[in-house]
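# Descriptive analysis of the structure
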Amino acid sequence: HIPTGTVVECQDERSQHKNREKAMKILRSKILENEREKQASCYEKHKDYYAFISYKREDEKWAKWLQRKLENYKLPAVIRKESLNMPKYIRPVFRDKTDLTGGVLAAQLHNELQRSKYLIVICSPNSAQSTWVNKEAAAFIEEGRTEYSIPFIIDGVPHAANPKEECFPEALRNIPQEQELLGINVQAIGREKAFIRLVAYMTGVSFDTLWQRHRRQERRKRTALAACLFLLIGLGIFYWDYTRPTY
């Protein structure tokens, strides 16, 4: 393909005709993939925030935890080398404080949403009843960015039969079935796994790759902490033995 300089070879079949058909399919797929990567890269360059966290006042501790975790998470260097567009850190992350400050101008809120690449909705029965959370989700979806909306479920059930258990705001419940968002459920997989799954979705890196590296890193931290603890205990015993009076 001369315009993009993409070259494909195929010698899997005995027939030249079949090889050509197969090669053309691969070529089309590669051209589309390259185009999507270019569009994503261009899209990301025009965003000031990596993510916008939408939540209800009662779920503020979850929003703070998630913002802190995302902004302090460092993507492994080995993974960053594989893609030049991969960030070192997932930041900055905008945490909407509308419910906490008594409201902001709709135009300002819309501006912050437009400047964010992803929308993370902290989903719970609380947020399902929130007018602001619903407005933020609806604004993102109306811009054609449904696939960049991520439900982060901390409590409740999506599309619940019992309205009291519903955790999706109306805008997420009304998404067409072919675009339906499954969400990341903390209750089902635990907080740490849910966080890594969120990072995997936002960066396009395999969850298994990130999770295994995360587990290794956590093991190293625990080993280092245990070593420091034993060292302090040893120093304490030595100091006690050295300073105790002798008769």
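Here, the structure is the one placed above.
An account of the accompanying structure is given in this report. A quick note: this is a predicted structure, and the numbers were derived from the prediction, not measured.

Below, the discussion takes up the pattern of salt bridges. Tallied over the full model, the rule gives eight salt bridges. Three or more residues are tied together by salt bridges with common partners; here these are Asp48, Glu112 and Arg115.

Attention now goes to helix α10 (residues 191-203). A rise of 1.5 Å per residue sets the reference length of α10, with its 13 residues, at 18 Å; its end C-alpha atoms lie 19 Å apart and thus fit the reference within 8%. Burial in α10 covers these residues: Ala194, Phe195, Ile196, Leu198, Val199, Ala200, Met202 and Thr203. Downstream of α10 by a residue or two, glycine 204 has a phi angle that is positive, lying close to 80°.

A few words now on the environment of proline 158. If you trace the backbone, proline 158 turns up in the loop between β4 (149-153) and α8 (170-173). Judged by its relative accessible area of 23%, proline 158 is partly exposed. Separated by 34 residues in sequence, proline 158 and serine 124 have C-alpha atoms that sit 8.9 Å apart. When sequence neighbours within four positions are dropped, the list of residues in contact with proline 158 reads Ile153, Glu166, Cys167 and Phe168.

Glancing now at unusual backbone geometry. Cis rather than trans, the peptide bond between arginine 91 and proline 92 has omega equal to 5°. Positionally, proline 92 belongs in the loop between α3 (77-82) and β2 (93-95). Of note, histidine 159 is a non-glycine position whose phi angle comes to about 50°, a positive value. You can see histidine 159 is positioned in the loop between β4 and α8. By relative accessible area, which is 40% here, histidine 159 ends up partly exposed.

A pair of packed helices can be characterised by two numbers: the angle between their axes and the separation between those axes. Packing of helix α2 (residues 60-72) against α10 brings their axes to within 11 Å, and their N-to-C directions diverge by 55°. Between α2 and α10, the angle falls in the class oblique. Viewed along their axes, α2 and α10 form a crossing whose handedness is right-handed. Across the interface between the two elements, Trp62, Trp65, Leu66, Lys69 and Leu70 from α2 touch Arg191, Glu192, Phe195, Leu198, Val199 and Met202 from α10. A class-by-class count of the residues in the contact of α2 with α10 yields eight nonpolar, no polar and three charged.

Rules behind the numbers
Residues numbered from 1 in each chain as written. Predicted model: local features only at pLDDT ≥ 70, side-chain atom pairs only at ≥ 80, totals over all residues. Heavy atoms only, no water. Salt bridge = Lys/Arg side-chain N within 4 Å of Asp/Glu carboxyl O. Helix = DSSP H or I, 4+ residues; strand = E, 2+ residues; numbered from the N terminus. Expected span 1.5 Å × (residues − 1). Buried < 20%, exposed > 50% of the residue type's maximum accessible area, 1.4 Å probe, protein only. Contact = heavy atoms within 4.5 Å. Axes fitted to C-alpha atoms, helices over the stretch in contact; angles between N-to-C directions. Parallel < 35°, antiparallel > 145°, perpendicular 65-115°, else oblique. Left-handed = near helix turned anticlockwise from the far one by under 90°. Nonpolar A, V, L, I, M, F, W, Y, C, P; charged D, E, K, R; others polar.

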